[in-house]
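Per-entry structural report
Each chain is listed here by its residues.
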Amino acid sequence: MEREFEGKSILIGVPNYVGLPERFQENLQFLGFKVIILEQDTSEVKIPKKDALIHIYKKFLLKDKTHKAQKRNEIKETKNLKFLNEINENIDFALFIRPDLFSVNVVKKVKELSKKIIGYQWDGISRYPAIKKYFNLFDKFFVFDSHDLKLHPNFNFTTNFYFDDLINS
């Protein structure tokens, strides 16, 4: 097979579920890409004790359950931005799988670094409505839910991805 993307670079933002970053990396390298993985850590991040106490206070007295998640996201964002700030090159392409798992600031930073940025929402927009604030950050946006395409006809339709080198056991 011809390596049609030889010499091109791609940054892929992908959640770390069951080895997905490695699978994407292998397959993109096979096509000739230099691959940079921006991994979204899906594990629970421990927040400082001070923030845990603030969370308890807000949760029980103010009925606001968002503090812990907000602090976890800030910790992940700081880690991602540090990683991106160490990249000293222009990137040809960037692809985000489930961009809503990354902060808007992280996606904006990737947009600055890349010539073309693409988003793919593998879950329905109605299921994860936070994705709506990301739409304008992408040159192209893909969905696989036909209902989402009816609501957003400027999006692109695609099926869900698969890896054709896996053997069904």
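Coordinates for the structure precede this section.
Description of the structure in this document. Here the structure is a predicted model, which is why all the values come from computation and not from measurement. (Residues numbered from 1 in each chain as written. Predicted model: local features only at pLDDT ≥ 70, side-chain atom pairs only at ≥ 80, totals over all residues. Heavy atoms only, no water.)

Moving on to the pairing of strand 3 (residues 91-97). Two faces make up the sheet, and in a regular strand the side chains alternate between them. Most of strand 3 sits inside the fold, with six of its seven residues counted as buried. Pairing of strand 1 (residues 9-15) with strand 3, which is carried by four bridges, proceeds in the parallel orientation. Bridging across to strand 3, Ile 10 finds its partner in Phe 93. Pairing geometry for strand 3 and strand 4 (residues 114-121), over six bridges, is parallel. (Buried < 20%, exposed > 50% of the residue type's maximum accessible area, 1.4 Å probe, protein only. Helix = DSSP H or I, 4+ residues; strand = E, 2+ residues; numbered from the N terminus. Pairing = 2+ DSSP bridges.)

Taken as a whole, this structure holds seven aromatic pairs when the rule is applied. Arranged with centres 5.2 Å apart and planes meeting at 65 degrees, the rings of Phe 135 and Phe 141 form a pair that is edge-to-face. According to the relative accessible area criterion, Phe 135 is buried, its value standing at 16%. A connected cluster of aromatic rings, assembled from ring pairs, spans Phe 96, Phe 102, Phe 135, Phe 138 and Phe 141. (Phe/Tyr/Trp six-rings, centres within 6.5 Å; stacked < 30°, edge-to-face > 60°.)

Attention shifts here to the packing of helix 2 (residues 49-61) against helix 3 (residues 67-85). When two helices pack together, their arrangement is captured by the angle between the axes and the distance separating the axes. Interaxial distance between helix 2 and helix 3 falls to 8 Å at its minimum, and their mutual angle equals 150 degrees. Compared by their axis directions, helix 2 and helix 3 come out roughly antiparallel. Contact residues: Asp 51, Ile 54, His 55 and Lys 58 in helix 2; His 67, Lys 68 and Lys 71 in helix 3. (Axes fitted to C-alpha atoms, helices over the stretch in contact; angles between N-to-C directions. Parallel < 35°, antiparallel > 145°, perpendicular 65-115°, else oblique. Contact = heavy atoms within 4.5 Å.)

A separate point is the pattern of salt bridges. Counting across every chain of the model gives eight salt bridges. Between Glu 89 and Lys 34 there is a salt bridge, with its nearest N and O atoms 2.6 Å apart. Highlighted residues: Glu 89 in the loop between helix 3 and strand 3 and Lys 34 in strand 2 (residues 34-40), separated in sequence by 55 residues. The salt bridge partner of Glu 86 is Lys 82, with a shortest N-O separation of 3.2 Å. For Glu 86, a relative accessible area of 52% corresponds to the exposed category. Look at Lys 82 and you get exposed, because its relative accessible area is 55%. (Salt bridge = Lys/Arg side-chain N within 4 Å of Asp/Glu carboxyl O.)

The geometry of helix 3 relative to helix 4 (residues 104-113) is characterised by a closest axis approach of 9 Å and an angle of 10 degrees between their N-to-C directions. It follows from the interaxial angle that helix 3 and helix 4 lie roughly parallel. Across the interface between the two elements, Glu 77, Asn 80, Leu 81, Leu 84 and Asn 85 of helix 3 pack against Asn 105, Val 106, Lys 109, Val 110 and Leu 113 of helix 4. Of the residues contributing to the contact of helix 3 with helix 4, the split by class is five nonpolar, three polar and two charged. (Nonpolar A, V, L, I, M, F, W, Y, C, P; charged D, E, K, R; others polar.)

Moving on to unusual backbone geometry. The phi angle at Lys 63 is positive, at roughly 60 degrees, despite the residue not being glycine. Along the polypeptide, Lys 63 turns up in the loop between helix 2 and helix 3. In this structure, Arg 98 takes a positive phi of about 55 degrees despite not being glycine. Relative to the assigned elements, Arg 98 resides in the loop between strand 3 and helix 4. Residue Arg 98 is classed as buried on the basis of its relative accessible area of 4%.

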